[in-house]
Amino acid sequence: EVKRLVTGYIEDIWNGRKLELLPTYLHSEFIDHSLPLGAQNALCVQKYLLELQKAIYHHTEIESITYDSDFAILKVTVTLKASPPSDEIPSHQERLHGYRILAISDQRIIAHWEFFQAQP
């Protein structure tokens, strides 16, 4: 089911950092439109998340989900802060509000877009 697929992706991959599960969620032709051209496939997403985890703690909270068999639109809040805090990186916290849009094919996520806005 689409809802279970997309919530599992957020909980296991983004929040749980279980990157070994990426093949469970991502289609073999996956494209992440939020990453630069040439770095939009599943392998690049894995590398991006590994690097992100080194410097930033992030947690995605799903506020609502609208979906059908081909797409899911997740309204989310993402909390970001330095991980671990250091002298060079202030330990302030930032919350981003926005959307993750996921296209579905063959019971896997085939595409991802994201739109965020920082709140004061």
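Residues numbered from 1 in each chain as written. Predicted model: local features only at pLDDT ≥ 70, side-chain atom pairs only at ≥ 80, totals over all residues. Heavy atoms only, no water.

### Quick word on the environment of arginine 95
Next up, step 1: With respect to the secondary-structure elements, arginine 95 resides in strand S4 (residues 93-105).
Next up, step 2: Along the sequence, arginine 95 and alanine 42 sit 53 residues apart, while their C-alpha atoms lie 26 Å from each other.
Next up, step 3: A distance of 3.2 Å separates the side chain of arginine 95 from the side chain of threonine 79, its partner in a polar contact. (Helix = DSSP H or I, 4+ residues; strand = E, 2+ residues; numbered from the N terminus. Polar contact = N/O pair within 3.5 Å; in protein donor to acceptor, adjacent residues only side chain to side chain.)

### Description of the pattern of salt bridges
Next up, step 1: According to the stated counting rule, one finds three salt bridges in the structure shown.
Next up, step 2: The closest approach of N and O atoms between glutamate 51 and lysine 54, which form a salt bridge, is 2.9 Å. Separated by three residues within a single helix, glutamate 51 and lysine 54 lie in helix H3 (residues 42-55), roughly one turn from each other.
Next up, step 3: Residue glutamate 51 is classed as partly exposed on the basis of its relative accessible area of 48%.
Next up, step 4: Take lysine 54: its relative accessible area is 57%, and that puts it in the exposed class.
Next up, step 5: Between glutamate 114 and arginine 100 there is a salt bridge, and its shortest N-O distance comes to 2.5 Å. Of this pair, glutamate 114 sits in strand S5 (residues 108-118) while arginine 100 sits in strand S4, and the two are 14 residues apart along the sequence.
Next up, step 6: Exposure remark for arginine 100: the relative accessible area of 3% places this residue in the buried category. (Salt bridge = Lys/Arg side-chain N within 4 Å of Asp/Glu carboxyl O. Buried < 20%, exposed > 50% of the residue type's maximum accessible area, 1.4 Å probe, protein only.)

### A few points about the packing of aromatic side chains
Next up, step 1: According to the stated counting rule, one finds one aromatic pair in the structure shown.
Next up, step 2: For the ring pair tyrosine 9 and tyrosine 25, a centre distance of 6.0 Å and an interplane angle of 55 degrees mean the geometry is tilted. Taken together, the residues span a long stretch of sequence, with tyrosine 9 in helix H1 (residues 2-15) and tyrosine 25 in helix H2 (residues 22-25) at a distance of 16 residues.
Next up, step 3: On the basis of relative accessibility, which here comes to 8%, the residue tyrosine 25 falls in the buried class.
Next up, step 4: The positively charged end of lysine 81 is found above the aromatic ring belonging to tyrosine 57, 5.4 Å away from the centroid. (Phe/Tyr/Trp six-rings, centres within 6.5 Å; stacked < 30°, edge-to-face > 60°. Lys NZ or Arg CZ within 6 Å of the ring centre and 35° of its normal.)

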